[in-house]
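# Analysis of the macromolecular model
Okay, here's what each chain looks like letter by letter:
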Amino acid sequence: MDWTTDPTDAAAHFARRLAVETDVSDVHAALESGDPGFVLLDSRSREAWDQGHVPGAVHLPGREVAARAEAELDRSVPVVTYCWGPGCNGATRAALALALLGFRVREMIGGLEYWAREGLPVEAADGLTRPDVDPLTAPRPVSCGC
């Protein structure tokens with residue numbers, strides 16, 4: 001392992017990540033407040049959206065962001081993007097496309113996978129469900145303390 005990175009460079013790197021990323025817990029808390037200050041955008045396909053999505057999210061597939069964002073999103077409202085989870089970079093690509101169009105944007109790390117694994121509500125055509133909490137991602141009654 002190389003430990004030659006200057007701490008100042010490391011601090012700049014982590015600060016930059018925090019400026020463009022958010023996590024499932026912070027997004028959930030903001031949505032629960034009733035005034036999140038952003039629009040949550042699901043960048044997955046129609047089929048994936050229909051299987052389940054975060055309640056209150058808007059659907060705009062990543063491949064269509066460049067063509068549809070200007071007409072469907074308010075540029076004055078920041079956007080948080082998400083896709084399936086850490087194994088998918090769809091939310092990153094959607095966030096990049098939005099940033100290139102001049103939108104203020106962050107990516108919700110963990111995506112729908114970690115949203116569901118934390119036992120948060122998932123909405124689909126057949127209603128709202130609340131998956132069981134995965135004890136490896138959201139141990140109960142212990143909090144990670146982030």
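For clarity, every value in this text was computed on a predicted model and none was experimentally measured.

## Remarks on the pairing of strand β4 (residues 79–82)
- Side chains Val79 and Thr81 project from β4 onto one buried face, and the interleaved Val80 and Tyr82 project onto a second face that is buried too.
- The sheet contact formed by strand β2 (residues 39–42) and β4 spans four bridges and is parallel. Within β4, the residue paired with valine 39 across the bridge is valine 79.
- Pairing of β4 with strand β5 (residues 105–109) involves three bridges; the strand directions are parallel.

## Looking at the pairing of β5
- Pairing geometry for strand β1 (residues 21–23) and β5, over three bridges, is parallel. Across the sheet, the residue bridging to aspartate 23 is isoleucine 109, located in β5.

Rules and cut-offs
- Residues numbered from 1 in each chain as written.
- Predicted model: local features only at pLDDT ≥ 70, side-chain atom pairs only at ≥ 80, totals over all residues.
- Heavy atoms only, no water.
- Buried < 20%, exposed > 50% of the residue type's maximum accessible area, 1.4 Å probe, protein only.
- Helix = DSSP H or I, 4+ residues; strand = E, 2+ residues; numbered from the N terminus.
- Pairing = 2+ DSSP bridges.

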